[in-house]
Each structure stands twice: as structure tokens, then as C-alpha cells.
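Chain by chain, the residues:
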Amino acid sequence: MRKGLIASALAVLAAAVVVSAAVANTSSTAAPAQLATCTNVSLGFLGPLTGPAGFLGQEQLSWLQFGVQKYNKANGTKFAVVQGDTQLKAPVALTVARRLAANKKIMAVIGGSESQAVRVSGKLFARNSLASISGSATAIDLTKNRPFKTFFRVVPNDGIQGPTIVKFVSQNLKAKNVVVIDSQDDYSLPLAQAITRGLRARDITVSRESVSADDTDFSSIVANVGANVNVVVFATQVATAANTLSNQLREQGKKAIVFGTDGAYSPSQFKPRSGYVSVFAPDIQFDRKARSLVNEYKKWSKNKAFGAFGPATYLAGLVAMTAIKNACADGRATRAEVVRQVQRTNIPSIFGGTVRFSRIGDPLPTKFIIYKITTGKYSPLG
Amino acid sequence: MDWEKLVQLTVNGLTLGGVYALVALGFSMVYGILKLLNLAHGDVMMVGAFIGWGVLGWLGGVQDPRVAVWLLIVFMILVAMVGCGFLGVAVERFAYRPLRRAPRIAPLISALGVSFFIQNSVLLLWGANFRSYESFDLVDVEVGIHWGPLNVWILRVVVICSALAMMAGLWILVTRTKLGKAMRATAFDREAAAMMGIDVDRVIVKTFFIGSALAGAAGVLAGLVFGSINHFMGFGYGLKGFTAAVVGGIGSIPGAMFGGLFIGLAEAFSVGYIEDVTGWVSNRTGGVFPRLGSQFSDLVVFAILIAFMLLRPQGIFGKPEVKKV
């Protein structure tokens, strides 16, 4: 009887997983490109509002909502935001994307925040002529050979991040022995592989480790880090994980420092005694020119902490709203017109310079920024 | 042999195992008395972690604690234990008691529902962000035992000792007190216990309170030693705790303790050595057997579960069920 009960428990668990996967894959009809009256227009948001990267999506949504109310006030528009939570799961992202595409009020989507969300939604949005503009999806394949005709991003891709980290670790940190850790997801695996290849090409000894995206204990991984390892590169989307890793390295008396990729960027959560982090956009909290925007956001959000994810999504929102406003010059617009207007974007960037897109939807020109962290304090390099 | 690595992995395994054991105890106690798999137990542990985090903030947080650090930790654990104890009682009262005479699958489904309910309630109350105990700032990671190959942070020692102390306390409660005797009698034969004058409902409530309180303590200890908590952490810990309870012998208290430590050590050693071992096997088999990385450590843990289910379904300390026909 006991065996039977345990078997039933396992069967129920398995059934729950299967049912949720099936629900996530349920198809829905796609809406054709249509004319909108421009008086009641929404922006969709496609990002992880819950799950291991919930902090990232929440920050992005908050900045997007801030940007929308600010834009509405300045331009007399009535944009609204429709939220879509991907939970950092590709099947869920597809379901949410279908819902956004079917909503006739939505003229552009901000996101997907994570690369896997773009992979599953890109073709759907293209079929619906719906522009999607991401403030954080950095995988190379999202724009290489333009697989998703209506996808744009305001941040540079991992084709820049990987080599930037490789160059810094080899030339500036002069590391000879490196451990590269991925977190078994679509974001970190290709990035970790690219970094590993790059470092090995420079004759640096690289060991590979892998953790799960929701792991909170890395002490046994740290036990595998040899005394001669100089740097541990951690490709993760969870800043607290990078923080725990760096502290557990210290706990076990390891000299290696942690180099976090852009997913780990969070001055409030990743605070090693000594470390580095790369990020796709400058943190505007360090930029004097952006001080008034930062203060305005802090007042509006009642002092919510933020890093680099929110402002980049704010910028993506500005791009979308400007494009829709231009497409609506005659009072009516189609989603296809909005896509064309996004492609022609040429507006001032909050990071300095202007926002423009290449033929394949990547921003022009861009670079990854590296921050040095000393006793939890961030300072930009170069 | 890399002794430093071996010693370090043993310490890591004992820490993790201590947390698993506390979770496994709750599974085992409830199963022993009600023959119910309380699948929401991991989520009760998660609530404990959040209560501890709330108490930490309420008492000034890491930067400016209003009381001594040791007192703060004791207070966090106690409040979480009491909070989770009452949560466990509420779950029993509203989700399980009405189904006590229903077919066994009904409370199991109800437990699954309670699990999602608790998870989403925490999401609603505290949001989706990973919350940090910032315990690395509370007690510096370099404070602890540094002796030869041994590097143990003091909070790890606190976690291992607290877990062992709570297990010992529970053992004394079950074997030396009137309540323990009533619990054992109820577990042995509920109807006979009732006929002997034992208030079975009260015993069940107290069992839920104690099991959930231990889970609450496990939540705080996990938050302290691993630094971060989130609203879905209960699933992983619950699954491992359940595995520990099954391996030790579900329904057996020493079995849960042993099973927890065993699974913790198995997980730590598999992360540390899986690549070496599978690499060696891979070389011997000419690459037929694949070389596995540390991401496959759960494979080892759940392979142990399957092996026990097949070879010794009653677990290490469990007794085979004998049925008269």
C-alpha cells in the first residue's frame, strides 16, 4: 500500500508537469495586422515577472510603466501597458506571446526580456507584423541572418559580451586558470560556451561547471575550484546566486574572484568583496547627465532599487512609443507601419548618443561595459 | 586523494543534509500518523524562510541589528518555528481533516493544491524577487574554523549543530514524553489509540505543529547559510526532503534524520566527484558511457531513490508492512 501511495504521488507530480506543459502549448489564433485608431493603444510587455529572474522583469516593467506615464504626460498620449509574465519558461512565453499578438490594442511589444522568449515568440510576432523591442535579450542568433523580421533590441549582443569578457580576463586580469559556470538555460549556455572557446583560444586553462538556475548553494561546486584558479566566470541571470558564489569562494579560502555576466548586474544584490561584472548598457546611476531622470524615477517608484535592466527597457519603450506616434500621424496606423517606423528610429538615447538600428535590428554602435566591484561598490572601467 | 576537497564536501554535505533531515522529519511524522504525503511541506519550509527574513528586517536588518547577532538568529528561528507550526495546523484543519475518510488520492491532490496556494500567496505578499538574508554581511564568511584543509564558516557550524539539536530534541519528545507515547500509539493504530482514551485529533494537530515548526527552522537555517530565498525554493527542498524520508524509511524518525544526512552527503559528493568517476568509466568503456558534469548531481540523488524503491522500498530504518488476509 505504501509503495502504491508513493507511486501515486509521483504520478500526480508527473501529471501536473505534463498538464502545465500541455496548457502552455495550447494554440490560439493569431490576429492579422490591422488598422488601429491610435486613441486606445497599448504596449505589450513580455518578460519574467515571477520565477528565478522575477527581479529582472519587475525592474523592467517598473521602468516601462514609468516611461509610459512620463511620455503620456509630455505628449498627451494615452499609452497603456499590458503585462505578460514568461516565468523564464519558453512554453509559457509562447502562450503569453499569443495572447499579446491577439490583442488588437497592442501595437508593439517590449521584450522578450530573455533570449529564449524571443526565440519562441519572434516568428509569431513577425507573422502578426508586430514589432518587439528588447532591452535585455542578448543572444547572437536572435538577429544573425534576421530570423525574426520584426525584432529589435536596444542592447548589444553576446557576440560583443563574450569577446569583451575574454579580452578583459586574459589581458587585464592576466588569468591562467579559469572556471566557467553556466546555469543550464538558453541565456547562459551559449554565452558560457563562447567564453570558454575564446579563453581556450588564448591558451588559458578552462574548467567547466554547471548549476541549475534556481540553485542557492554552490559550496560543492566551489570545492572543485582549484587553488590555482584566478577567475570564476559565472553566466547567470540571478544576481544573488553570483553573490553567494563569491562569498562561498571566500569561505573556502579560494583566491579566485567572480566575473559575472550581464544577468548578474545588480549593485543591490551582487556585492562581492572583489569582482567584476559586464553589462550591456552603462548604469545611469553613475552618469551625472542622467541624474534628473534617476531622481524622477526614484520619486515615482518610491525609491525602488534598480540596475541596468530597467533603464534599457525604458529606452525600448521610448522607441516603441515614438514609432507608434509617428505611424499615427494621420490618426490611424497598422502594426506594419509601426515596424517600419521602429526601423527608422533616430532618437536621443538616455545612455548618450542616439538610438539607431542596423538592418538586422541590432543597435548602432554599441559596446559592453565592465564594472569593477570593490567591497560591494561598483565603478565603471573605461 | 585531494583531502581538502573531501573534507570540504563532507562539511557541505552535512550542512545540506541537516536542512534536508529537518524537512524529512516533518514528512515522516505526518506519514507515520496519517499515512499522508504532505506535499505542501516544502512550501511550509519556504514560508519559514520568509518569516525569518521578515524578522531580520524588523530587528534592524543586517546593517543595523537592534540585538546581538546570536540573539537575532535565535529569535528568527523561534518566530519562524511558531509561525510555521500554526500554518501547519491551519493546513491540517482546512485541507486534510475534512478528507480524512476520503480515498487516499483526495488528500494527496489537496496537498498539491495547498502547495501551489502557499507558493502563490507568498508571491503575492513578497513578490518574485530573490530575497537575500545578507548573512555574509551578518557574519563574515572568514569567521569560523580554519584548520588544515578544513574551512568552515561559523554559520555552517550553527546550522549543523542546530539541526542535530532539534533532531535530538524531537527524539527525546517522541521516546520519553507522554505526547510522544500518544503519537506512537496513534501511528501504530489510530482507532485503538482513540479507544484507549487518546484524543487522536489533538495528537494529529500537535504532530503537524511540530513537523511544520521543524520545517520553519529548516527554512531559516537554509536562508542563513545559503544567503538567498525565493517563493519556489520549497519545491526543491520538499522533493529532497521527501527523498530523504523514503530512503531513511518513511514514518521512521531516525530514518528521516539518517536519510537527510545521507542525501545531503550524496548530493555534495556527486557534485564533487561525478565528473572524475564518470570520466574514469568513460575512458574504460571507450567513450560508450558518457562523461557527466556537476549538473547531473540530481541524477545520483534520484537514482538512489529509485534504487531504494526497487530494492528496499521500506527504506533503511523502515519495517516491511505485513498484512493479514
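Residues numbered from 1 in each chain as written. Chains lettered and ligands numbered in written order. Predicted model: local features only at pLDDT ≥ 70, side-chain atom pairs only at ≥ 80, totals over all residues.

This part is about the packing of helix α6 (residues 154–176) of chain B against helix α7 (residues 178–188) of chain B. Helix packing geometry: the angle between the two helix axes and the distance between the axes. All names here are of chain B. Interaxial distance between α6 and α7 falls to 5 Å at its minimum, and their mutual angle equals 75°. On the basis of their axis angle, the class for α6 and α7 is roughly perpendicular. Residue-level contacts link Leu173, Val174, Thr175 and Arg176 of α6 to Leu179, Gly180, Met183 and Arg184 of α7. (Axes fitted to C-alpha atoms, helices over the stretch in contact; angles between N-to-C directions. Helix = DSSP H or I, 4+ residues; strand = E, 2+ residues; numbered from the N terminus. Parallel < 35°, antiparallel > 145°, perpendicular 65-115°, else oblique. Contact = placed C-beta atoms within 7 Å.)

On to the interface of chain A and chain B, then. Opposite the 39 residues of chain A that make contact, chain B presents 40 residues. With 8 residues, the top contributor of residues to the side of chain A that touches chain B is helix α1 (residues 2–24) of chain A.

Turning next to the domain arrangement of chain A. All names here are of chain A. Examined at the domain level, chain A breaks down into domain 1 (35–156 + 287–355) and domain 2 (159–279). Each of domain 1 and domain 2 has a C-alpha centre, and these two points are 29 Å apart. Contacts between domain 1 and domain 2 engage 14 residues on the former and 16 residues on the latter. When residues of the side of domain 1 that touches domain 2 are assigned to their parent elements, the largest contribution, 3 residues, is made by helix α4 (residues 115–127). Per-class residue counts for the side of domain 1 that touches domain 2 are 8 nonpolar, 4 polar and 2 charged. (Domains from an automatic or database assignment. Nonpolar A, V, L, I, M, F, W, Y, C, P; charged D, E, K, R; others polar.)

On to α7(B), then. Residues and elements named next belong to chain B. Inspection of α7 places Ala182, Met183 and Thr186 among the buried residues, and these make up the whole buried set. Projection of α7 onto a plane perpendicular to its axis shows the buried side chains occupying an angular sector of 100°, all on one side. In the core, the buried residues of α7 are packed alongside α1 (3–34), α6, α8 (190–195) and α9 (200–226). (Buried ≥ 20, exposed ≤ 12 C-beta atoms within 10 Å, placed from the backbone. Arc of directions from axis to C-beta.)

All names here are of chain A. The strand order across the open sheet formed by 7 strands is β8-β7-β9-β10-β11-β15-β16, and the pairing between neighbours is mixed. Of all strands in the sheet, those bounded by a partner on one side alone are β8 (205–210) and β16 (377–381). Mean inter-strand twist for the sheet, computed between neighbouring axes without regard to direction, equals 25°. Relative to strand β9 (residues 231–235), strand β7 (residues 177–182) runs parallel, the two sharing 5 bridges. In the sheet register, Val180 faces β9, and the bridge partner there is Val233. Lying over the sheet, helix α6 (residues 188–201) contacts β7, β8 and β9, oriented at roughly 165° with respect to β7. (Pairing = 2+ DSSP bridges.)

Before going further, it helps to examine the sheet that holds strand β3 (residues 80–85) of chain A. Residues and elements named next belong to chain A. Strand order in the open sheet formed by 5 strands is β3-β2-β4-β5-β6, with parallel pairing between adjacent strands. The sheet terminates laterally at β3 and β6 (151–153), the two strands that pair on one side only. Strand-to-strand twist of the sheet, defined as the mean angle between neighbouring strand axes without regard to direction, takes the value 25°. Of the strand pairs in this sheet, strand β2 (residues 42–47) and β3 are connected by 6 bridges, and their pairing is parallel. Looking at β3, one finds that Gly47 is bridged to Asp85. Each of β2, β4 (106–111) and β5 (131–134) is contacted by helix α10 (residues 309–327), which is oriented at about 160° to β4, the strand it contacts most.

All names here are of chain A. Look at the link from Gly111 to Gly112: it is a cis peptide, with omega at -5°. Inspection of the secondary structure puts Gly112 in the loop between β4 and α4. Positive phi is not limited to glycine here, since Gln87 has a value of about 55°. Among the structural elements, Gln87 can be located in the loop between β3 and α3 (90–102). When the 22 C-beta atoms within 10 Å are taken as the criterion, Gln87 is described as buried. One non-glycine residue, Thr375, lies in the positive phi region at around 40°. Position of Thr375 relative to the elements: it lies in the loop between β15 (369–374) and β16.

Next up on the list: α9(B). All names here are of chain B. Helix length check: α9 (27 residues) gives 38 Å between terminal C-alpha atoms against 39 Å at 1.5 Å per residue, within 8%. With 22 of its 27 residues buried, α9 lies for the most part within the structure. Once α9 ends, the next one or two residues include Gly227, with phi positive near 90°. (Expected span 1.5 Å × (residues − 1).)

Attention shifts here to the pairing of β2(A). Residues and elements named next belong to chain A. In terms of burial, β2 is a largely internal element, 6 of the 6 residues being buried. Neither face of β2 is open: one carries Ser42, Gly44 and Leu46, the other Leu43, Phe45 and Gly47, and all of them are buried. Regarding the hand of the β-α-β motif, the stretch spanning β2, helix α2 (residues 54–75) and β3 is right-handed. When β2 meets β4, the two strands line up parallel, connected through 5 bridges. (Right-handed = clockwise from strand over helix to strand, strands pointing away.)

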